[in-house]
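Structural characterization, general
Listed below, chain by chain, are the residues.
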Amino acid sequence: MLAVWMGTQADEAFPEAWHSDAATVSGTDSLANIRSKVYLSPKLWYLRVNVIEAQDLVPSDQGRYPEVYVKAILGNQVLRTRVSPSRSINPMWNEDLMFVASEPFEEPLILSVEDRIAPNKDEVLGRCAIPMHHVDRRLDHNPVNTRWFNLEKHVIVEGEKKKEIKFASRIHMRICLEGGYHVLDESTHYSSDLRPTAKQLWKHSIGVLELGILNAQGLMPMKPKDGRGTTDAYCVAKYGQKWVRTRTIIDSFTPKWNEQYTWEVFDPCTVITIGVFDNCHLHGGDKPGGSRDSRIGKVRIRLSTLETDRVYTHSYPLLVLHRNGVKKMGEIHLAVRFTCSSLLNMMHMYSHPLLPKMHYIHPLTVSQLDSLRHQATVIVSVRLSRSEPPLRKEIVEYMLDVGSHMWSMRRSKANFFRIMNVFGGLIALGKWFDQICNWKNPITTVLIHILFIILVLYPELILPTIFLYLFLIGVWHYRRRSRHPPHMDTRLSHAESAHPDELDEEFDTFPTSQSADIVRMRYDRLRSIAGRIQTVVGDLATQGERLQSLLSWRDPRATALFVLFCLIAAIVLYITPFQVVAVLIGLYVLRHPRFRHKLPSVPLNFFRRLPARTDSML
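To keep things clear, this report deals only with the structure shown in the data block. From a predicted model like this one, the values you see are computed outputs, not experimental measurements.

When helices and strands are counted, the protein chain shows 13 helices and 22 strands. Computed over its C-alpha atoms, the radius of gyration of the protein chain comes to 32 Å, more than 25% above the 25 Å expected for a compact globule of 618 residues. With respect to the principal axes defined by its C-alpha atoms, the protein chain has extents near 95 × 80 × 60 Å. Within the protein chain, the proportion of its 618 residues that are buried is 38%. The centroid of the 76 positive side-chain charges in the protein chain is displaced by 7 Å from the centroid of its 62 negative side-chain charges.

Rendered as structure tokens:
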């Protein structure tokens, strides 16, 4: 008996169609692992628990002042309030605890009021469980109503936990699910979604993103099979709440997927991430203790770098950083098109804040955001790993860059040189102006003199001239614009020049698994780097304190001189036309080198003599 099917990806039967490679895969579980799949991230909410007070607590020791705190548990998240400053049976906190909750809300919020009897001994004074379905949802910054919850106390009777009926303690709280925030599960530098949780607050989409995952070339062998190397490659793409996984191409270094996916776009300043992985869960590899799927590489494409309605078909290098250095694992060929439904709406988006307004009205602290992002990534990875076929934890963590906040000498160097590159333009401008002042090119200096005098005599031309100059620079750079979306840059990342020990430190576990000698060497190296940073920060603080000391009378003579100078300058500027003063200052700054001397100027000498608070430090 033979059944023949012919069709394209648009056909609903396509996911069920077996391709020819499936004949080499054994077992139904392995067959499920090679199919394509579309996943949806769980809908995440921030849960705010405002613990206000408790009443009528009954500690076991009535002769001491209780040290009471509240412990809140939601799933694997555990948070505690501080110990109440009011040491009584009616303690008060008025403290916020923030959690990440996901739909469907299966787990209740469990609160326990505990008394710290000894440093490592706590007594539970009462406990309550609150189903998440009964929690109010808030879309803006208006406060929700407070509620009193009865606390139950359990007693141990003959080894069994029984509820004590005669108990009247209660706790006063304000609990709400925050729908006005965007729950961050990615780094804000390359987030793919910036919408608030509540669907009522979503704006209309501005366009459609189409991604064609075509093929890959020159993939490296990832695992041994029958005495040779082999690779079973598949792709995962993530944008917004939608994850897609292509089918696995068995035993091929040049896999051809030819699969197309689409996403709605709500903000152009977002990033789509495409990762390539080696499937290590075939032929019995999905047994307990089996290996993890290997990383082949990753590509990020920022939508704002794409021209609308243009198809980009380019090959991107797949780069992975290992302990022994950066390695090119092959190339992936993608087709990308960003179609805009309304150019006016998209341009209007550039005037909107990046995150929902609740992030600015009631901002969360940096430590809160880090902790909540970690909890969000844990929830997403657990939920997606339960799918069929599962999108495993190592895949989700790699796509979401879970370890990007960890210390890395290589990344720190890269960021330092990025800062230097940003300020390189200002440094070049300063060098150019110094050449003008020193008459390196007399013709240019004379032209600058003429331009300066014109701008002083007609100050209304200053701003138009600046904006015209910026316009001309932008038009000049247009011809040198990038013709295709940027990809991972090993030179920018300092991946090629990284020392092997720095890479070994970057891939070390947290806490460390290295020997004491290596940890001591790395600690001393970190101390030397931190010492240099400390010196630079101290120098910056010194300059700022010298500015403050101009009018603070820390140095009475210096402040008296500055105040007297300010009085004389005010009188002179009142009676002298501004154009005359500006021309005199400009001509003095641009004076010929024969009228200069190499000693520092008087204002610089005066500034360097001002006192800072350095001499008051231990």
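Turning next to helix α10 (residues 516–548). With 33 residues, α10 ought to run about 48 Å at 1.5 Å a step, and its terminal C-alpha atoms sit 46 Å apart, in line with that. Every buried residue of α10 is listed here: R522, R525, I529, T542 and R546.

By definition, a disulfide links the sulfur atoms of two cysteine residues through a covalent bond. Tallying each qualifying case throughout the model produces zero disulfides. Just so you know, C235 is unpaired, no disulfide at all, and the nearest cysteine sulfur is the one on C280, 15 Å from it. The exposure class of C235 is buried, given its relative accessible area of 0%.

In this section: the environment of C176. Tracing the chain through its elements places C176 in strand β12 (residues 170–178). Taking the C-alpha atoms as reference, C176 lies 9.6 Å from H134; in sequence the two are 42 residues apart. Not counting residues within four places of it along the chain, the set of residues in contact with C176 comprises Y46, L47, R48, V135, D136, R138 and V144.

Across a sheet, strands are paired by hydrogen bonds formed along the backbone, either parallel or antiparallel in direction. Read across the sheet, five strands follow the order β1-β17-β16-β19-β20 without closing on themselves; strand pairing throughout is antiparallel. The open sheet has two edge strands with one neighbour each: β1 (37–40) and β20 (294–302). Adjacent strand axes in the sheet meet at a mean angle of 15° when their direction is disregarded. Relative to β20, strand β19 (residues 271–278) runs antiparallel, the two sharing eight bridges. Residue V276 lies in a different strand from β20, and its bridge partner there is G297.

Attention now goes to the side chain of H449. Following the sequence through the fold, H449 ends up in helix α7 (residues 442–457). Setting aside residues up to four positions removed in sequence, H449 forms contacts with W439, L587 and L590.

What the rule picks out here adds up to six aromatic pairs. Between the aromatic rings of F277 and Y398, the centroid separation amounts to 5.7 Å while the plane-to-plane angle is 80°, which identifies the pairing as edge-to-face. Here F277 is found in strand β19, whereas its partner Y398 is found in helix α5 (residues 393–399), with 121 residues between them in sequence. Accessibility classification places F277 together with Y398 in one group, the buried group. Grouping aromatic residues by their ring pairs yields a cluster made of Y234, F277 and Y398.

Quick look at the pairing of strand β6 (residues 109–118) now. Bridge analysis of strand β3 (residues 68–74) against β6 gives six bridges, and the strand direction is antiparallel. Paired with Y69 across the two strands is E114, which belongs to β6. Where β6 meets strand β7 (residues 121–130), nine bridges bridge the pair, whose relative direction is antiparallel. Its bridge partner lying in β7, R116 is registered against D122. Joining the antiparallel neighbours β6 and β7 is a turn of two residues.

Let's shift gears to the environment of D96. By the element assignment, D96 lies in strand β5 (residues 92–102). Sequence separation between D96 and H374 is 278 residues; the distance between their C-alpha atoms is 18 Å. Not counting the four nearest positions on each side in its chain, D96 is found in contact with R48, V49 and N50. Engagement of the side chain of D96 in a polar contact is seen with the side chain of R48, the distance being 2.9 Å. Within the structure, D96 has its side chain in polar contact with the side chain of N50 (distance 2.9 Å).

Our next topic: the sheet that holds strand β4 (residues 77–80). On the basis of which strands lie adjacent, the open sheet formed by four strands has the order β4-β3-β6-β7 and antiparallel pairing. At either margin of the open sheet sits one strand with a lone partner, and together these are β4 and β7. Sheet twist, expressed as the mean angle between neighbouring strand axes with direction ignored, is 20°.

In this model, helix α12 (residues 578–589) (12 residues) spans 17 Å end to end at C-alpha, consistent with the 16 Å of a helix rising 1.5 Å per residue. Three or more residues of α12 are buried, namely V581, A582, V583 and G586. Where the residues of α12 are buried, they touch α7 and α11 (556–575).

Another point: the packing of α7 against α12. Across the interface, α7 lies against α12 with an axial gap of 9 Å and an inter-helix angle of 160°. One element, α7, and the other, α12, form an angle in the roughly antiparallel class. Note on packing geometry: the crossing formed by α7 with α12 is right-handed. Residues H449, F452, V456 and L457 of α7 form the contact with α12, whose participating residues are Q579, A582, V583, G586 and L587. Class assignment for the residues of the contact of α7 with α12 results in six nonpolar, three polar and no charged.

Conventions used here
- Residues numbered from 1 in each chain as written.
- Predicted model: local features only at pLDDT ≥ 70, side-chain atom pairs only at ≥ 80, totals over all residues.
- Heavy atoms only, no water.
- Helix = DSSP H or I, 4+ residues; strand = E, 2+ residues; numbered from the N terminus.
- Rg over C-alpha atoms; globule rule 2.2 N^0.38 Å.
- Buried < 20%, exposed > 50% of the residue type's maximum accessible area, 1.4 Å probe, protein only.
- Lys, Arg positive; Asp, Glu negative; His and termini not counted.
- Charge placed at Lys NZ, Arg CZ, Asp CG, Glu CD.
- Expected span 1.5 Å × (residues − 1).
- Disulfide = S-S within 2.5 Å.
- Contact = heavy atoms within 4.5 Å.
- Pairing = 2+ DSSP bridges.
- Axes fitted to C-alpha atoms, helices over the stretch in contact; angles between N-to-C directions.
- Phe/Tyr/Trp six-rings, centres within 6.5 Å; stacked < 30°, edge-to-face > 60°.
- Polar contact = N/O pair within 3.5 Å; in protein donor to acceptor, adjacent residues only side chain to side chain.
- Parallel < 35°, antiparallel > 145°, perpendicular 65-115°, else oblique.
- Left-handed = near helix turned anticlockwise from the far one by under 90°.
- Nonpolar A, V, L, I, M, F, W, Y, C, P; charged D, E, K, R; others polar.

From the geometry alone we can't say anything about function, so treat these as descriptive.
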